[in-house]
Amino acid sequence: MGQKKDLTGSEKSKIVRYLAEGCSSLKIAKLLKRDHRTIKRFIQNSQQGRKKRVDKPRRKITAHELRKVKRAAAKMPLATSLAIFQSCNITGVPKSTRCAILRDMAKVRKAERRPPLNKTHKLKRQDWAKKYLKTDFSKVLWTDEMRVSLDGPDGWARGWIGKGQRAPVRLRRQQGGGGVLVWAGIIKDELVGPFRVEDGVKLNSQSYCQFLEDTFFKQWYRKKSASFKKNMIFMQDNAPSHASKYSTAWLARKGIKEEKLMTWPPCSPDLNPIENLWSIIKCEIYKEGKQYTSLNSVWEAVVAAARNVDGEQIKTLTESMDGRLLSVLAKKGGYIGR
């Protein structure tokens with residue numbers, strides 16, 4: 001008589017249950033109408049547990065090959081382990097070994113997203129740094145806009161999950177959920193705003209100037225003393241609504257012109273300390289994978305997070321400008337770390 005098929009999932013469950021009830025393997029075999037040896041073999045295998053993993057020795061590479069790999073990894077950022085080893089003409093090395101070798105000299109990282117810098121951009125960044133090297137940056141108002149969404153930037157929902165726990169469910173809106181555009185400024189140790197741009201308003205030159213009139217000028221600037229207004233330098237980036245002739249002329253009528261309006265080099269978000277403020281606020285409002293269901297709720301979170309930023313944090317950001325300028329000059333106009 002031929003052997004029967006392997007034990008089914010149902011039969012295995014019954015064996016475990018019968019064992020828990022104190023049945024012998026012989027009795028279980030009779031109950032399931034199976035060969036006693038089949039039942040006994042299953043019980044023995046189950047009691048052995050998982051076999052301990054035995055790490056196989058790495059395929060050794062020579063010191064010369066290791067130096068070639070190190071040079072290739074430096075020349076080929078973000079390349080795969082296979083591409084790096086192939087460029088060195090090193091074959092026959094399994095992926096696990098390649099990765100183990102590379103872990104000793106490199107890290108897996110994502111590419112940093114930045115605007116491209118060409119030679120002209122770098123020269124303008126250097127000229128800007130030289131021009132403002134002796135500036136008293138405590139008199140500079142650094143401004144910018146930030147858009148916050150209901151779900152947060154991609155990748156903010158990652159984090160450690162304990163063993164045996166399930167990852168929390170996140171909302172996934174088929175058509176997104178929109179966002180809130182926020183404007184703010186920092187000067188010395190003071191936060192100006194944040195102010196919310198009206199939903200649905202696209203910031204062109206006219207709407208940008210009207211927004212500044214209704215928020216920045218009426219709610220903050222007009223309360224300042226004449227001496228403060230005389231010395232303050234207004235900084236804004238080169239967004240079209242900021243740098244247009246209309247906006248420049250409008251600011252000039254407000255008394256913000258010539259040396260009181262800071263020129264800004266192209267492609268330079270790394271030089272604006274308020275970008276670091278946005279990072280602080282976003283870390284707070286999206287911590288622990290937080291999501292929002294309405295634009296008002298995410299705006300309230302921004303206001304609360306901004307309120308928790310103290311003067312010392314802002315002062316640290318504004319006082320970092322001397323170091324940023326020196327870094328730009330040292331890197332000949334290249335990007336600096338923020």
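Preceding this paragraph is the structure being described.
Residues numbered from 1 in each chain as written. Predicted model: local features only at pLDDT ≥ 70, side-chain atom pairs only at ≥ 80, totals over all residues. Heavy atoms only, no water.

Caption draft 1: Representation of the pattern of salt bridges in the model. All told, the structure shown has eight salt bridges when counted by the stated rule. Between K224 and E190 there is a salt bridge, and its shortest N-O distance comes to 3.4 Å. Linking K224 in the loop between helix 8 (205-219) and helix 9 (226-231) with E190 in strand 3 (residues 190-196), this pair joins segments that are 34 residues apart in sequence. The residue E213 makes a salt bridge to K254 at a minimum N-O spacing of 2.4 Å. Highlighted residues: E213 in helix 8 and K254 in the loop between helix 11 (245-253) and helix 12 (274-285), separated in sequence by 41 residues. (Salt bridge = Lys/Arg side-chain N within 4 Å of Asp/Glu carboxyl O. Helix = DSSP H or I, 4+ residues; strand = E, 2+ residues; numbered from the N terminus.)

Caption draft 2: Broad picture of the sheet that holds strand 2 (residues 179-187). Here four strands make up an open sheet; going across it, the order is 3-2-1-4 and the pairing mixed. The open sheet terminates on both sides in strands that have one partner only, identified here as strand 3 and strand 4 (233-235). Averaged over all neighbouring strand pairs, the angle between strand axes comes to 20 degrees, with direction disregarded. Pairing analysis gives three bridges linking strand 1 (residues 140-149) to strand 4, with the strands arranged parallel. Bridging across to strand 4, W142 finds its partner in M235. In the packing of helix 8 onto the sheet, contacts are made with strand 1, strand 2, strand 3 and strand 4, and the angle to strand 3 comes to roughly 135 degrees. (Pairing = 2+ DSSP bridges. Axes fitted to C-alpha atoms, helices over the stretch in contact; angles between N-to-C directions. Contact = heavy atoms within 4.5 Å.)

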